[in-house]
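Read off the chains here:
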Amino acid sequence: MTIAIGDKLPAATFKEKTADGPVEITTEQLFAGKRVVLFAVPGAFTPTCSLNHLPGYLENRDTILGKGVDDIAVLAVNDWHVMGAWAQSSGGFGKIHFLADWDAGFTKAVGLDADLSAGGLGLRSKRYSMLVEDGVVKALNVEESPGQATVSGAAAMLELL
């Protein structure tokens, strides 16, 4: 079942590359007592993700944070090495969280997993964005197609804030 507005996020642990190396970050650490924008992509370095979805959030980071958001995170079913390399190459390292949901545990728990085997990617996340307040989903925007980043993009999120 897909998570819905008003639902509490399930407990999960992600990995993230930091200046000090990889760290584990839990949903409790990331979301408790905070207002966070989380967006997910089918894969780091994929065309729509790298050329459209991520850049919108990086370009609008300060505006989003200026609207009462405490943090921004991007999530993908990739390992932390890939997410760390994507953070570095995109210029987003240290600006937003690049969360590795390496085993798709969180992605499956929120019901937003997608079988993209036909495209050679295997099990991945659907493309979405959500506004989370103190661990509770306040807005959820899921794309119909993994190749689109309209309803889940930064511009759409700014309209909600």
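See the structure printed just above.
Residues numbered from 1 in each chain as written. Predicted model: local features only at pLDDT ≥ 70, side-chain atom pairs only at ≥ 80, totals over all residues. Heavy atoms only, no water.

Moving on: the overall build of the chain. The secondary structure content of the chain amounts to six helices and nine strands. Over its C-alpha trace the chain gives a radius of gyration of 14 Å, about what one expects of a compact globule, namely 15 Å for 161 residues. If one aligns the C-alpha atoms of the chain with their principal axes, the spans along those axes are about 40 × 35 × 30 Å. Here the chain, with 161 residues, has 48% of them falling under the buried criterion. For the chain, restricting intrachain contacts to residue pairs at least 6 apart in sequence, the fraction spanning at least 24 positions comes to 64%. Charged side chains in the chain number 13 positive and 19 negative. The centres of these two groups are separated by 2 Å. (Helix = DSSP H or I, 4+ residues; strand = E, 2+ residues; numbered from the N terminus. Rg over C-alpha atoms; globule rule 2.2 N^0.38 Å. Buried < 20%, exposed > 50% of the residue type's maximum accessible area, 1.4 Å probe, protein only. Contact = heavy atoms within 4.5 Å. Lys, Arg positive; Asp, Glu negative; His and termini not counted. Charge placed at Lys NZ, Arg CZ, Asp CG, Glu CD.)

A few words on the pattern of salt bridges. Opposite charge on two side chains permits them to pair, given that their charged atoms come into close proximity. Considering all chains together, one arrives at two salt bridges under this definition. Ionic pairing is found between E133 and R35, a salt bridge with its closest N-O pair at 3.1 Å. Of the two residues, E133 sits in strand β8 (residues 128-133) while R35 sits in strand β3 (residues 35-40), which places them 98 residues apart along the sequence. Between D62 and R61 there is a salt bridge whose closest N-O contact spans 2.9 Å. Looking at R61, the relative accessible area reads 23%, which means it is partly exposed. (Salt bridge = Lys/Arg side-chain N within 4 Å of Asp/Glu carboxyl O.)

All chains considered together, the criterion is met by four aromatic pairs. Measuring from centroid to centroid gives 5.2 Å for F14 and F106, while their planes differ by 70°, and the two rings are edge-to-face. Here F14 is found in strand β1 (residues 13-18), whereas its partner F106 is found in helix α5 (residues 105-109), with 92 residues between them in sequence. Of the residues examined, F106 reaches a relative accessible area of 1% and is grouped as buried. For the pair F45 and W86, a centre-to-centre distance of 6.4 Å together with 50° between the ring planes defines the contact as tilted. (Phe/Tyr/Trp six-rings, centres within 6.5 Å; stacked < 30°, edge-to-face > 60°.)

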